[in-house]
Amino acid sequence: MNDIQLPPIDYAALLPMLIVFGLACVGILAEAFVPRKHRFAVQATLTLAALIAGLVTVIINRDLEVTTIGGAVTIDGAGLFLQGIILVLGIVAFGLIAERRLERGGAFVANAAHAADSDGDKKQLNEAGATEIFPLTLFAIAGMMLFCVSGDLLTMFVALEVFSLPLYLMCGLARRRRLLSQESALKYFLLGAFASAFFLYGVALIYGYAGSVQLVAIKQSVLDSDKSGVLLAAGLALLAIGLLFKAAAVPFHVWTPDVYQGAPTPITALMAACVKAAAFGGLLRVFNVAFETTSWDWRPVITAVAMATMIVGSILAVTQTDIKRLLAYSSIANAGYLLVGVVSLGGAVGSSMFYLVAYGFSVLAAFGMVTLVRDADGEATHLSRWAGLGKGSPLFSAMFTIIMLGFAGIPLTSGFSSKFALFSSAWDANQSALVIVGVLSSVVLAFPYLKVVVLLWLNPPGDETPTVSVPGYLTRAVVGVGVLATIVLGVAPSWLLDMVNSAGTFLAK
Amino acid sequence: MSSTSFPFLPVLVALPLVGAIATAFIPKTKPQLAKVVALAISVVVLGITVAAVIAFDTNGDRLQLAESYKWIPQWGLRFSFAVDGIALVMVALSALLVPIVILASWKDADDDGSGGRRNVPTFFALMLALEATMIGVFAASDVLLFYIFFEVMLVPMYFLIGSYGGPRRQYAAVKFFLYSLVGGMLMLAAVIGLWVTAKNGLGHATFDWQEIVNLAKNGGIPGDLQKWLFLGFFAAFAIKAPFFPFHTWLPDAGGAAPAGAAALLVGVLDKVGTYGILRYCLPIFPEASKYFATLAIVLSLVGVLYGALLAVGQTDLKRLVAYTSISHFGFIGIGIFAFSSQAVTGSVLYMVNHGLATGLLFIVVGFLVRRRGSQSISDFGGAGKLMPLMAGVFLIAGLASLALPGTSPFVSEFLVLIGTFSVNKTVAILAALGMVLAAAYILWMFQRTMQGTLNPALKDVAPMKKDLSVREKVVVAPLIVLIIALGVYPKPVLDMIEPAVKATIQDVGKSDPVPTAADGAQK
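Each chain carries its own residue numbering, running from 1 in the direction its sequence is written. The naming scheme follows written order: chains are lettered A onward, ligands numbered 1 onward. Confidence filtering applies because this is a predicted model: local features only for residues at pLDDT of at least 70, side-chain atom pairs given and counted only at 80 or more, and all residues used for totals across whole chains, interfaces and linings. The side-chain values count all of the structure's non-hydrogen atoms but skip hydrogen atoms and water molecules.

## Description of the overall build of chain A
- Working definition: helices are DSSP H or I runs of at least four residues, strands are E runs of at least two. Numbering for both runs from the N terminus. When helices and strands are tallied, chain A shows 20 helices and five strands.
- As defined in this context, the radius of gyration uses C-alpha atoms, and a globule is described by 2.2 Å times the residue total to the power 0.38. Taken over C-alpha atoms, the radius of gyration comes to 22 Å for chain A, in line with the 23 Å a tight globule of 509 residues would show.
- Across its three principal axes, chain A shows a C-alpha extent of roughly 70 × 55 × 40 Å.
- Per-residue burial over chain A gives 63% buried out of 509 residues. Each residue is assigned to one of three classes by its accessible area relative to the maximum for its type, calculated with a 1.4 Å probe on protein chains only: buried under 20%, partly exposed between the two thresholds, exposed over 50%.

## A word on the overall build of chain B
- A count of helices and strands for chain B gives 20 helices and two strands.
- Relative to the 2.2 N^0.38 estimate, which gives 24 Å for 523 residues, the radius of gyration of chain B is 22 Å and therefore close to what a compact globule would have.
- When the backbone C-alpha atoms are referred to their principal axes, chain B occupies close to 70 × 55 × 40 Å.
- Counting across all 523 residues of chain B, residues that qualify as buried make up 63%.
- Working note: accessible area of chain B is about 17000 Å², and carbon and sulfur atoms make up 66% of it.
- The averaged location of the 28 negative side-chain charges in chain B is 8 Å from the averaged location of its 36 positive side-chain charges. Per-residue and other accessible areas were derived by the Shrake-Rupley procedure at a 1.4 Å probe size, with only the shown protein chains allowed to occlude residues. For the charge count, each Lys or Arg is scored as positive and each Asp or Glu as negative, with His and the chain ends excluded. To locate a charge, take atom NZ for lysine, CZ for arginine, CG for aspartate or CD for glutamate.

## Structural notes on the interface of chain A and chain B
- Should any heavy atoms of two residues lie within 4.5 Å, those residues are considered in contact. Contact residues are listed per partner, giving 35 residues for chain A and 34 residues for chain B.
- When two components associate, each loses some accessible surface as probed by a 1.4 Å sphere; the sum of these losses over both components is called the buried area. Taken together, both faces of the contact between chain A and chain B bury some 3100 Å²; the carbon and sulfur share is 79%.
- Of all residues in chain A, Phe420(A), Trp427(A) and Leu458(A) bury the most surface against chain B, accounting for 22% of the area lost on that side.
- What makes a salt bridge here is a side-chain nitrogen of Lys or Arg within 4 Å of a carboxyl oxygen of Asp or Glu, nothing more. Connecting chain A to chain B are one salt bridge.
- Across the pair Lys199(B) and Asp428(A) runs a salt bridge, and its minimum N-O distance is 2.6 Å.
- Secondary structure elements with two or more residues in the side of chain A that touches chain B: helix 16 (394–407), helix 17 (414–428), helix 18 (432–458) and helix 20 (494–503) of chain A.
- Here the side of chain A that touches chain B takes 13 residues from helix 18 of chain A, the largest share from any one element.
- Of the residues that constitute the side of chain A that touches chain B, the class distribution is 25 nonpolar, eight polar and two charged. We call Asp, Glu, Lys and Arg charged. Ala, Val, Leu, Ile, Met, Phe, Trp, Tyr, Cys and Pro are nonpolar, and the rest, Gly among them, are polar.

## Notes on helix 14 (residues 317–337) of chain B
Residue and element names in this part refer to chain B.
- Given a helix with a known number of residues, its expected span is that number minus one, times 1.5 Å. With 21 residues, helix 14 extends 31 Å from end C-alpha to end C-alpha; this agrees with the ideal 30 Å at 1.5 Å per step.
- The element helix 14 is extensively covered by neighbouring structure, given that 20 of its 21 residues are classed as buried.
- Here a polar contact is recorded for every N or O atom pair within 3.5 Å, except that within protein the pair must consist of a potential hydrogen donor and a potential acceptor, and residues adjacent in sequence are included only if both atoms are side-chain atoms. The opening residue of helix 14, the one whose side-chain oxygen lies 3.0 Å from the backbone nitrogen of Lys318, is Asp316.
- Phi turns positive, to about 55°, at Phe339, one or two residues after helix 14.

## What to know about helix 5 (residues 143–152) of chain B
Residues and elements named next belong to chain B.
- Of all ten residues in helix 5, ten are buried, a share of seventy percent or more.
- Burial in helix 5 covers these residues: Val143, Leu144, Leu145, Phe146, Tyr147, Ile148, Phe149, Phe150, Glu151 and Val152.
- Two or three places before Leu144, at the opening of helix 5, Asp142 has a side-chain oxygen 3.1 Å from that residue's backbone nitrogen.

## What to know about the UniProt feature "domain: NADH:quinone oxidoreductase/Mrp antiporter transmembrane" (unreviewed entry) in chain B
- The UniProt record marks residues 140–434 of chain B with the feature "domain: NADH:quinone oxidoreductase/Mrp antiporter transmembrane" (unreviewed entry), using the residue numbering of this structure.
- Taken end to end, residues 140–434 of chain B has its terminal C-alpha atoms 34 Å apart, with 79% of it in helix and 0% in strand. UniProt positions are given in the numbering used here, feature names are shortened, and annotations may be inferred rather than shown by experiment.

## Structural notes on the sheet that holds strand 5 (residues 467–468) of chain A
Residues and elements named next belong to chain A.
- Should DSSP find at least two bridges between two strands, the strands are regarded as paired. The strand order 4-3-5 describes an open sheet built from three strands, whose pairing is antiparallel. Every other strand in the sheet has two partners, leaving strand 4 (378–379) and strand 5 as the edge strands with one partner each.
- With two bridges connecting them, strand 3 (residues 373–375) and strand 5 associate as antiparallel partners. Note that in strand 5 the partner of Arg374 across the bridge is Thr467.

## Brief notes about the pairing of strand 2 (residues 77–83) of chain B
- With five of seven residues buried, strand 2 of chain B lies mostly within the body of the structure.
- The loop that links strand 1 (residues 64–72) of chain B with its antiparallel partner strand 2 of chain B comprises four residues; one of these, Gly76(B), has a positive phi angle of about 75°.

## Re the confidence of the model for chain B
- On average, residues of chain B score 88 in pLDDT, and 95% of them are at 70 or above.
- Scored between 0 and 100, pLDDT is the confidence that the predictor attaches to each residue. Every residue in residues 514–523 of chain B is under pLDDT 50, and counting partners more than four places away or in other chains gives ten contacts.

## Considerations on the nonpolar core
- In this structure, Phe291(A), Phe233(B) and Phe337(B) are the most contacted members of the largest nonpolar core, which totals 394 residues.
- Sequence-distant contacts of Phe291(A), that is, excluding residues within four places in its chain, are made with Ile206(A), Ile218(A), Leu232(A), Leu236(A), Leu239(A), Val286(A) and Trp298(A). Here, the term nonpolar core denotes a set of buried Ala, Val, Leu, Ile, Met, Phe, Trp, Tyr and Cys residues that are joined through side-chain atoms within 4.5 Å.

## With respect to the pattern of salt bridges
Residues and elements named next belong to chain B.
- Enumeration according to the criterion identifies 18 salt bridges over all chains in this entry.
- One salt bridge in this structure joins Arg168 and Asp252, with 3.9 Å as the shortest N-O distance. Here Asp252 lies in helix 10 (residues 249–256) and Arg168 lies in the loop between helix 6 (154–164) and helix 7 (169–202), a separation of 84 residues in the sequence.
- The partner of Lys290 in a salt bridge is Glu287, with the nearest N and O atoms 3.9 Å apart. A residue pair is termed a helical-turn pair when its members lie 3 or 4 positions apart in one helix, as Lys290 and Glu287 do in helix 13 (residues 286–312) at three residues.

## Some remarks on the packing of helix 13 of chain B against helix 18 (residues 425–450) of chain B
Residues and elements named next belong to chain B.
- Between helix 13 and helix 18, whose axes approach to 8 Å, the crossing angle comes to 20°. Between helix 13 and helix 18, the crossing angle belongs to the class labelled roughly parallel. Two packed elements cross with a definite hand, and for helix 13 against helix 18 that hand is left-handed. Within the contact between the two elements, helix 13 uses Ile297, Leu301, Val304, Leu305, Ala308, Leu309, Ala311 and Val312 and helix 18 uses Val427, Leu430, Ala431, Leu433, Gly434, Leu437, Ala440, Tyr441, Trp444 and Arg448. Structural elements are reduced to axes, namely lines fitted to C-alpha atoms, with helices fitted over the stretch in contact, and the angle between N-to-C directions of any two is expressed from 0 to 180 degrees. By the definition adopted for this analysis, an angle is roughly parallel if under 35 degrees, roughly antiparallel if over 145, roughly perpendicular if from 65 to 115, and oblique otherwise. Should the near helix be turned anticlockwise from the far one by less than a right angle, the crossing is left-handed, and should it be turned clockwise, the crossing is right-handed.

## Let's talk about unusual backbone geometry
- Note the cis peptide between Val250(A) and Pro251(A), where omega equals 5°.
- Note on placement: Pro251(A) falls in the loop between helix 9 (230–247) and helix 10 (255–262).
- Omega for the peptide link from Phe244(B) to Pro245(B) comes to 0°, which places this bond in the cis form.
- Tracing the backbone shows Pro245(B) in the loop between helix 9 (223–240) and helix 10.
- The residue Ile69(A) is not glycine, and still its phi comes out positive at about 45°.
- With respect to the element layout, Ile69(A) can be found in the loop between strand 1 (66–68) and strand 2 (73–75).
- The phi angle at Arg177(A) is positive, at roughly 45°, despite the residue not being glycine.
- Structurally, Arg177(A) can be placed in the loop between helix 6 (153–171) and helix 7 (178–210).
- The class of Arg177(A) is partly exposed, set by a relative accessible area of 41%.

## What about the environment of Val304(B)?
Residue and element names in this part refer to chain B.
- Secondary-structure assignment places Val304 in helix 13.
- Under the relative-accessibility criterion, Val304 is labelled buried at 0%.
- In this structure Val304 touches Ser327, Gly330, Phe331, Ile334, Ala431 and Gly434, once residues within four positions along its chain are discounted.

## Structural notes on the packing of helix 5 (residues 133–148) of chain A against helix 6 of chain A
Residues and elements named next belong to chain A.
- Viewed as axis vectors pointing N to C, helix 5 and helix 6 meet at an angle of 155°, and their least axial separation amounts to 8 Å. Taken together, the axis directions place helix 5 and helix 6 in an arrangement best described as roughly antiparallel. In this structure, the crossing between helix 5 and helix 6 has a hand that is left-handed. Judged by residue contacts, Ile133, Leu136, Thr137, Phe139, Ala140, Gly143, Met144, Leu146 and Phe147 of helix 5 engage Thr155, Met156, Ala159, Leu160, Val162, Phe163, Pro166, Leu169 and Met170 from helix 6.
- Classifying every residue of the contact of helix 5 with helix 6 by side-chain character gives 15 nonpolar, three polar and no charged.

## Topic: the environment of Ala140(A)
- Residue placement: Ala140(A) occurs in helix 5.
- Taking the relative accessible area as the measure of exposure, Ala140(A) reaches 0% and is therefore buried.

## Considering the environment of Leu454(B)
Residues and elements named next belong to chain B.
- With respect to the helices and strands, the residue Leu454 is situated in the loop between helix 18 and helix 19 (470–488).
- For Leu454, a relative accessible area of 23% corresponds to the partly exposed category.
- C-alpha of Leu454 to C-alpha of Ala14: the two residues are 440 residues apart in sequence and 49 Å apart in space.
- In this view, Leu454 contacts Gly381, Gly382, Ala383, Leu386 and Lys459; residues no more than four positions away in its chain are not counted.

## Considering the state of the cysteines
Residues and elements named next belong to chain A.
- We call a pair of cysteine sulfur atoms a disulfide whenever their separation is within 2.5 Å. If you walk through the whole model with that rule in mind, you get zero disulfides over all chains.
- Of all cysteine sulfurs in the structure, the one in Cys274 sits closest to Cys25, which takes part in no disulfide; the separation is 19 Å.
- Just so you know, Cys148 is unpaired, no disulfide at all, and the nearest cysteine sulfur is the one on Cys274, 10 Å from it.

## Some words on the UniProt feature "domain: NADH:quinone oxidoreductase/Mrp antiporter transmembrane" (unreviewed entry) in chain A
- According to UniProt, the feature "domain: NADH:quinone oxidoreductase/Mrp antiporter transmembrane" (unreviewed entry) maps to residues 150–443 of chain A in the numbering used here.
- Secondary structure across residues 150–443 of chain A comprises 77% helix and 2% strand; the distance between its end C-alpha atoms is 37 Å.

Written out as structure tokens, the structure reads:
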């Protein structure tokens with residue numbers, strides 16, 4: 001017990017994260033040293049380059065299976081695939097974040113802290129937005145990548161904070177409806193801090209039981225130990241609360257609609273696609289690696305949470321009158337479907353990852369299109385304003401209809417193939433009750449989607465029907481990619497099914 | 001399985017689909033072109049269907065014209081098409097009705113009745129898309145492929161009702177979609193359960209109908225599970241058909257849909273329910289089918305009588321026709337679950353004949369409603385004096401619908417009743433009451449619209465004075481000819497469906513009760 005030994009570090013395995021973290025730091029320096037008028041171009045290029053380089057290195061590493069930095073990071077097939085998902089969806093979301101043609105100066109203001117309606121706040125409304133958003137995005141994405149490959153609970157906690165803190169800030173940066181945006185940031189931050197505290201407390205209790213925070217060590221001590229399981233159960237419960245909060249599962253979902261509504265829409269899209277992937281990546285890893293052998297203890301609880309999430313999410317979605325809140329509740333219900341994959345353990349890891357990809361693309365396209373329906377006050381998100389859009393903007397409405405049908409699970413869209421994949425592996429794992437609740441709640445959930453389709457096509461346009469902005473090329477690309485993926489993954493999902501199957505599962509040794 | 005040189009079934013699905021896409025891209029300013037293209041494609045589809053019917057060997061294998069292509073190997077999902085006699089006559093019915101309905105709806109999409117403009121090419125594109133899914137759902141021989149067509153079919157119909165229907169179209173379209181989706185999702189759960197069972201039983205992932213039926217025959221699907229899976233499938237089909245008490249969407253949808261779409265909805269789409277029971281529930285879940293037969297027969301019987309009673313009370317023409325269909329679907333259901341070859345043959349024949357008769361009835365009602373601008377029966381009265389030919393066609397359609405001897409529905413209804421009588425006398429006698437009520441609702445409807453003193457308001461409605469146009473005559477002629485022809489000589493259709501019916505009854509494991517007094521009535 002004298003010198004602290006530096007554990008061996010496999011830099012190649014860490015390279016994707018090192019690139020994204022590194023370039024995020026470079027981005028901060030650029031913020032300080034690059035002249036203001038070049039800053040946007042430099043930052044946007046840097047961010048895109050970081051994400052693409054990260055993705056390339058993930059692909060190069062695809063067959064790697066290694067545990068490194070003394071067990072803090074476990075690179076394995078499933079983890080790499082999740083990192084890949086996060087990067088790909090991040091690249092797509094980047095298109096929305098970097099869009100500056102829809103609104104002068106972009107969707108973000110420079111300073112989140114000005115009190116709403118104060119002089120400073122009014123002044124910044126007409127100024128160019130913050131370019132700090134880019135390094136913040138990179139930090140968030142890098143945090144999510146680390147979250148998915150954490151080998152121990154402490155690393156996981158650090159990663160959780162690394163990706164959460166930038167998000168709290170970014171939620172408050174909306175250019176329009178400042179008060180709502182600041183409220184959402186504060187709400188997300190306070191509740192998120194609570195959840196983090198629960199998580200950390202859970203880690204402490206589990207350490208008390210297992211004497212280690214490493215996932216594989218926890219698994220081993222569960223097998224070997226003859227200690228009372230109270231500490232373990234309590235620790236697991238607290239840990240699960242922290243994770244389920246990020247995943248927006250009922251009853252830890254209440255922040256979701258407010259934050260999704262108040263946050264700038266590009267950030268909402270990032271949260272719905274990437275954070276969901278990261279949160280479920282973490283959940284899947286924790287439950288599959290550390291607690292698989294105690295599934296008798298937690299399965300009933302998580303099953304109940306999954307059912308509640310599906311039911312509550314879909315029923316509350318029915319009553320929504322704001323498209324962003326509707327999509328928020330829909331994302332809660334989708335978290336319920338993904339929890340079905342968590343409960344089903346090993347056999348469902350592949351289909352859960354498939355679901356994350358399919359849902360991520362669709363939801364990015366959906367929020368991308370939400371940014372396009374605008375009037376003088378910014379985005380017109382109230383559903384009544386969407387009535388009759390089909391008459392003036394048939395292409396937009398057709399694409400939104402495809403996304404809605406996809407969310408409703410109509411065959412030939414990714415919504416169907418992903419639900420089929422997930423539910424069939426759940427049935428295979430003897431979770432047929434969850435499957436039945438799942439399909440029934442998806443009927444309920446189809447109603448709000450249909451309501452939107454009815455509004456778009458079957459209602460006459462009102463006097464106040466807003467225009468659909470002709471999107472800049474970035475948003476156009478995002479929406480196009482999202483809609484295309486929704487169709488391709490519905491019609492020809494074989495290649496991705498192969499990919500998730502060959503990605504393998506989590507390394508548990 | 002016999003292999004054919006020409007891939008009939010995939011072409012029959014693909015051609016209308018391609019046609020739909022092509023029609024959808026015709027600019028709004030050229031409505032006439034869209035109509036002609038749609039009609040031409042549907043006629044070509046009909047031609048290919050006729051060729052397929054000729055290529056079908058009635059004494060051959062159960063499944064013929066089989067074609068199979070790779071799709072999603074991980075799930076064992078394939079583009080597999082193959083038809084038995086039952087499926088083939090349903091494909092033929094779809095292919096026949098679509099060009100007729102397109103011609104009948106020639107002007108229906110031009111305006112919305114109050115001067116508003118509508119998108120004509122989209123209307124006809126939706127019709128063709130609907131045709132592709134209808135043919136696909138009957139031609140599929142892969143359980144998941146069937147399910148996919150079953151669900152996708154909702155989308156074109158939803159827009160046909162929602163965008164081109166009557167005053168309550170939004171409500172009706174959403175109700176139609178949600179009801180069907182409830183059934184569809186329950187079926188999805190059952191499909192997943194079946195798939196997992198088949199995978200464990202056969203050792204590989206497959207949705208192939210034949211493989212799954214063989215597995216079921218060898219007892220590969222345990223009894224309790226069978227019951228649950230049966231209920232999943234049956235819920236979807238009972239809502240689709242619709243059986244009492246899942247029928248409430250049909251009058252709304254049928255009442256609000258444009259007449260052509262309503263003809264297809266009731267004529268073909270709803271048959272997917274009864275077809276599905278025959279093709280999927282019975283062979284795959286034989287034990288559960290027998291277990292739930294009583295329940296199904298009771299529901300059907302209630303449907304026969306309740307639908308008929310409600311039809312008598314209707315004041316709206318389209319809703320009335322929709323309710324008559326609920327009554328007729330009850331007959332079909334009784335016939336299927338009687339498990340005697342006569343009754344099942346009668347049911348299948350009824351599916352065809354009901355498509356023809358109710359299709360014709362909906363089309364004629366569509367003509368009337370379009371002229372009058374109202375669906376309410378009380379807005380008519382004595383209209384036969386203004387349009388004698390129309391009144392005649394309306395009467396033929398009505399009489400066919402009440403199964404008058406000499407029209408084709410009579411043969412089928414009679415077969416169902418005889419076949420049921422040999423199994424369960426009470427049910428047959430009670431169901432026969434439905435025939436009496438049928439006379440009441442049809443004749444009373446005819447009387448109130450066409451006979452009696454002329455409703456004075458009709459004199460001011462110029463279109464009411466125009467009798468059938470040439471186009472309209474061309475529309476109704478083939479249906480009338482078929483109704484009479486099949487009423488007198490149903491043998492060609494019977495020959496086609498009988499082997500498939502026999503095979504289905506064998507799958508259930510029911511021995512056919514020897515027909516006694518009724519013997520010889522079959523042909």
